[in-house]
Amino acid sequence: MGIEAINIIIKNNMLKEEGIIVFETDQNKYISEAEQLAKVIDIRKYGRVTLVFLGRKE
């Protein structure tokens, strides 16, 4: 569901130039999928959960 939402946001140009998407996951496979859709700004791990901060690709 999260990857689909990121895809919709990017495809429809809904993210402002300085905007950030915060994506929460506990599965690494979704991180690599998110990296293909948007620019990874930061990745932070909190226990099982990983937060991925995404921005627009240039």
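What this report covers is the structure whose coordinates are included nearby. Small disclaimer: the values here were computed from a predicted structure and weren't measured. (Residues numbered from 1 in each chain as written. Predicted model: local features only at pLDDT ≥ 70, side-chain atom pairs only at ≥ 80, totals over all residues. Heavy atoms only, no water.)

### Some words on the sheet that holds strand β3 (residues 49–55)
One open sheet holds the 3 strands; their spatial order is β1-β3-β2, and the pairing between them is antiparallel. The sheet is open, and its two borders are formed by β1 (21–25) and β2 (39–46), each paired with just one other strand. Neighbour-to-neighbour, the strand axes of the sheet open up by a mean angle of 20°, direction not taken into account. Its contacts with the sheet place helix α1 (residues 2–11) against β1 and β3, and it is angled at close to 165° to β1. The strands touched by helix α2 (residues 28–37) are β1, β2 and β3; relative to β1, the strand with the most contacts, the crossing angle is about 160°. (Pairing = 2+ DSSP bridges. Helix = DSSP H or I, 4+ residues; strand = E, 2+ residues; numbered from the N terminus. Axes fitted to C-alpha atoms, helices over the stretch in contact; angles between N-to-C directions. Contact = heavy atoms within 4.5 Å.)

### Details of the pattern of salt bridges
Oppositely charged side chains can pair when the atoms bearing their charge come close. What the rule picks out here adds up to 2 salt bridges. For D42, the salt bridge identified is with R44, shortest N-O distance 2.7 Å. Note on R44: relative accessible area 40%, which makes it partly exposed. (Salt bridge = Lys/Arg side-chain N within 4 Å of Asp/Glu carboxyl O. Buried < 20%, exposed > 50% of the residue type's maximum accessible area, 1.4 Å probe, protein only.)

Just geometry here; none of it tells us what the structure is for.
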